[in-house]
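A structural walkthrough
Here is how the chains run, residue by residue.
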Amino acid sequence: SCRRFESYRAHQFSGFYCMKIALVTDELCPINQFVLKWLQINGIDCLCFGAYVSDTQELWVTAIAEAAEAVSKGLCDQGIFFCWSGTGASIVANKIKGLRAALCTDAETARLARIWNHANVLALSNRSLTQETAEEILTAWFEPYDQQLGMDGVQALKQLDNAPLLSIESADASHSNQLDLKICKKIKKSSLLSAPIKKILIKF
C-alpha cells in the first residue's frame, strides 16, 4: 500500500538513480498499483497523493494540484499524475509554475518529452494504459539523457513563467503597428507607384 509522506526504497538496479516522485491518481485502478510497484522495485521513492492515500475517488483537480505543489516546492523531483484520460492531469500540472507536464501514451513520446522539453511531470491515463506500455514509458522516462539538448527552449519557456501578459488592447495595437510597418515597406518598394502617390499612401 501507499501512504502519504511515506517513502519506499527498494533495491536499485538498471542504472536508475534514487529520486522522489509525487504519485497521484484521482481514482484507484489496477494500473496505479502496477506503476507504484515498478517504481519501488527500481529504487525510486514515492510521495503519494489522492486516491493512493484515501482509497476513495477524489476530485481530479484538487488531487492533482496537491501533488503538483509538492513538485513545485521541491518536495519531489518529478511527478507521475494519473486521471481517467491523463488530459486533466496534464492541464492542472501545467498551470503550476515550474511544472512541465507531458501526456504520454508511448515510450518515444516520453523519451522526447524528457530530452527536448525537460518535462518533469509524466501524465498517464487510467483508462487506456496497459502494464506493458506503462513499463515501456517508465523505462524511457527515466533513461539518462543529455540535458543540454532542448535547453534553449526550456530557458525560453521559463521566461514565459515570469512574463507579464499583454492586454487584448495592447496586443491588438502591437499587431496593428507591425502590419503598418509591413505595408509601408511594401509601398516604398513598389515599382508601380509614383513617388507622390507613395507619400500620400504612407501618410494615410
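What counts and what doesn't
- Residues numbered from 1 in each chain as written.
- Predicted model: local features only at pLDDT ≥ 70, side-chain atom pairs only at ≥ 80, totals over all residues.
- Heavy atoms only, no water.
- Helix = DSSP H or I, 4+ residues; strand = E, 2+ residues; numbered from the N terminus.
- Expected span 1.5 Å × (residues − 1).
- Buried < 20%, exposed > 50% of the residue type's maximum accessible area, 1.4 Å probe, protein only.
- Contact = heavy atoms within 4.5 Å.
- Disulfide = S-S within 2.5 Å.
- Pairing = 2+ DSSP bridges.
- Axes fitted to C-alpha atoms, helices over the stretch in contact; angles between N-to-C directions.
- pLDDT = per-residue confidence, 0-100.
- Parallel < 35°, antiparallel > 145°, perpendicular 65-115°, else oblique.
- Left-handed = near helix turned anticlockwise from the far one by under 90°.
- Nonpolar A, V, L, I, M, F, W, Y, C, P; charged D, E, K, R; others polar.
- Core = buried A, V, L, I, M, F, W, Y, C linked by side-chain atoms within 4.5 Å.

Attention now goes to helix H1 (residues 30-41). For H1, spanning twelve residues, the distance from its first C-alpha to its last is 17 Å, which sits close to the expected 16 Å at 1.5 Å a residue. Those residues of H1 that sit buried are Ile-31, Asn-32, Phe-34, Val-35, Leu-36, Trp-38, Leu-39 and Gln-40. Among the structural elements, strand E1 (20-25), strand E2 (45-50), helix H2 (51-54), strand E3 (78-83) and helix H6 (131-141) are those in contact with the buried residues of H1. In the segment just after H1, Gly-43 is the residue with positive phi, at about 75 degrees.

Turning next to the state of the cysteines. Per the counting criterion, the structure on display carries zero disulfides. The cysteine Cys-76 is free of any disulfide, with Cys-46 supplying the nearest cysteine sulfur at 9.1 Å.

What the five strands build is an open sheet, ordered E2-E1-E3-E5-E4; its pairing is parallel. The open sheet has two edge strands, E2 and strand E4 (101-103), and neither has a second partner. With direction set aside, neighbouring strand axes in the sheet form an average angle of 20 degrees. Note that E1 and E2 share six bridges and pair parallel. Bridge assignment links Ile-21 to a residue of E2, and that residue is Cys-46. Lying on the sheet, helix H3 (residues 60-72) is in contact with E1, E2 and E3; it crosses E3 at an angle near 175 degrees. Contacting E3 and strand E5 (121-125), H6 runs over the sheet at an angle of about 175 degrees to E5.

For the protein, the average pLDDT comes to 84, and 73% of its residues sit at 70 or higher. Per-residue pLDDT stays below 50 along residues 3-16; that stretch engages in 41 contacts with residues further than four places along the chain or on separate chains.

What follows concerns the packing of helix H5 (residues 107-117) against H6. Orientation of H5 relative to H6, taken along the N-to-C sense of each, is 20 degrees, at an axis distance of 8 Å. As the angle between them shows, H5 and H6 are arranged roughly parallel. Considering the relative orientation of H5 and H6, their crossing is right-handed. Contacts between H5 and H6 involve Ala-107, Ala-110, Arg-111, Ala-113 and Arg-114 from the first element and Glu-136, Ile-137, Ala-140 and Trp-141 from the second. Each residue belonging to the contact of H5 with H6 can be placed in one class, and the counts come to six nonpolar, no polar and three charged.

This part covers the nonpolar core. The biggest cluster of nonpolar side chains holds 32 residues, and the ones touching the most others in it are Leu-23, Val-35, Leu-39, Ile-80, Phe-82 and Phe-142. For this core, the element with the most residues is H1, which contributes six residues. Each residue touching Leu-23, except ones within four places of it in the same chain, is listed here: Val-35, Leu-36, Leu-39, Cys-46, Leu-47, Cys-48, Phe-49, Tyr-52, Ile-80 and Phe-82. If you look at the next biggest cluster of nonpolar residues, it comprises 20 residues, including Ala-63, Cys-76, Ala-89 and Val-121.

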